[in-house]
Amino acid sequence: YHGLFNHGATCYLNSVLQVLFMTEEFREAVISMSSSSKEYIDHHLKKLFKELLQRTANTKNILKALEVNYVTEQQDAAEYFEKILRKTSENAAKIFRGRLSHKITCLKCQTPTDSEGPFWLLPLELEDSPDGNYSVENGIKMFFTSTIFDGDNQLYCEICDDKVDATRKYVITHHPDVLLLMLKRFDFSYQFMSYIKINCKADIPHTIEIPENQMYELYAVVEHFGDLRGGHYDAVIKSKDEGDEWFVFNDSSVTQVKLIKAFYCQKIMINIQVVKKYIISSSRSIGAYLLFYRRKGEN
Ligand SMILES: [Zn+2]
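As named in an unreviewed UniProt entry, the chain is USP domain-containing protein, taken from Poecilia formosa.

Caption draft 1: Spatial organisation of the packing of aromatic side chains. Per the stated rule, a full pass over the model turns up 13 aromatic pairs. Between phenylalanine 21 and phenylalanine 49 the ring centres are 5.4 Å apart and the planes differ by 70 degrees, which places this aromatic pair in the edge-to-face class. Here phenylalanine 21 is found in helix α1 (residues 11-22), whereas its partner phenylalanine 49 is found in helix α3 (residues 42-52), with 28 residues between them in sequence. A single burial state applies to phenylalanine 21 and to phenylalanine 49, both of which are buried. Put simply, the rings of Phe21, Phe26, Phe49, Phe81, Phe96, Tyr219 and Phe292 touch in pairs and so form one group of aromatic residues.

Caption draft 2: Main features of the coordination of the zinc ion. Binding of the zinc ion to the protein goes through Cys106 (SG), Cys109 (SG), Cys157 (SG) and Cys160 (SG), at separations of 2.3 Å. Viewed at the metal, the four donor atoms of the zinc ion are separated by angles of 101 to 115 degrees, and the geometry they form is tetrahedral. We note that the donor set of the zinc ion lies within a single chain, spaced as C-x2-C-x47-C-x2-C. Residue class for cysteine 109 comes out partly exposed when judged on its relative accessible area of 27%.

Caption draft 3: Main features of the sheet that holds strand β5 (residues 147-149). In space, the four strands of this open sheet follow the order β2-β1-β8-β5, with antiparallel pairing throughout. Edge positions in the open sheet fall to β2 (112-119) and β5, since each of these has one partner strand only. Averaged over all pairs of adjacent strands, the angle between strand axes in this sheet comes to 25 degrees, irrespective of strand direction. In the sheet, strand β1 (residues 98-106) pairs with strand β8 (residues 166-174) via eight bridges, with the strands oriented antiparallel.

Caption draft 4: Spatial organisation of the pairing of β8. Here three bridges tie β5 to β8, and the two strands are oriented antiparallel to one another. Residue pairing across strands places phenylalanine 149 opposite alanine 166, the latter belonging to β8.

Caption draft 5: The pairing of strand β13 (residues 207-210), seen in detail. With burial as the criterion, only one face of β13 is covered, namely that bearing Ile208 and Ile210; the residues Thr207 and Glu209 on the opposite face remain uncovered. Pairing of β13 with strand β14 (residues 214-225) involves four bridges; the strand directions are antiparallel. For threonine 207, the partnering residue across the bridge sits in β14 and is glutamate 217.

Caption draft 6: Structural detail: the environment of leucine 107. Here leucine 107 is to be found in the loop between β1 and β2. Residue classification places leucine 107 among the partly exposed positions, given a relative accessible area of 37%. Spatially, the C-alpha atom of leucine 107 lies 9.7 Å from that of cysteine 157, the residues being 50 residues apart in sequence. Excluding residues within four positions of it along the chain, leucine 107 makes contact with Asp165, Ala166 and Thr167.

Here is what the cut-offs are and how they apply
- Residues numbered from 1 in each chain as written.
- Predicted model: local features only at pLDDT ≥ 70, side-chain atom pairs only at ≥ 80, totals over all residues.
- Heavy atoms only, no water.
- Phe/Tyr/Trp six-rings, centres within 6.5 Å; stacked < 30°, edge-to-face > 60°.
- Helix = DSSP H or I, 4+ residues; strand = E, 2+ residues; numbered from the N terminus.
- Buried < 20%, exposed > 50% of the residue type's maximum accessible area, 1.4 Å probe, protein only.
- Donors = N, O, S within 2.8 Å, 3.2 Å for Na, K, Ca; no water.
- Tetrahedral: all angles 85-135°; square planar, octahedral: opposite > 155°, others 65-115°.
- Pairing = 2+ DSSP bridges.
- Axes fitted to C-alpha atoms, helices over the stretch in contact; angles between N-to-C directions.
- Contact = heavy atoms within 4.5 Å.

This is the structure:
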């Protein structure tokens, strides 16, 4: 595999572009596009992906198309992932698009209000577990658990014409082929009245179950190391072409890493103790930010 040049602080873009490139369905959809419609950036992605198949590539055209004027400014990889998909044709972007409904129920009059819309990612709150690590599985459970709004958080109900206790519940109405989970490491702290970066260790499962009964399998992780405004992004991605080996894409460098495989596939490791030791002693696990899961039972 080939890397992408860093044009200043553009590692946030490189990491998501490598995930898009390594998502075969997306790569094939982009490369087989025949139109060069200016409405979308597919033709830029197509050129980049073709170049990546040959050599280390540069992202100048993509940066221009995404209206990035200051290449030395660090940006949020999740935001740029969404930006790229919004500017990509439906045929390629649909792989990542799911639909989510959220149902609000007034606990006074019992009237439910349903609203449904598309999503590119599910944001998961980071909650410390007793052992100090963050559990993605618990994060998923929390996301799909009904939330109660009471006290200062009461919601307005049109029927009662008053602020009322209410519940909110998310339900996935369309499971995307690729599900992106975002660990909310960049969050607003009311204690400090500013945005902060949460550096807790994350325990990442190899497979997850999303309600109702949909299994997903991990194939890529975008990591962020360092603080809020600076720091560095890279991407750890499983290659289907290379017999499910894992590679670290760090700007222009691409390396195969055996230990990473052990870490991200911990659920299928026999020697759990060795893996646990690695997680605790490693700084890598504090970086996981975007987790890409592929829907199982599709291929
Ligand atoms: Zn009501």
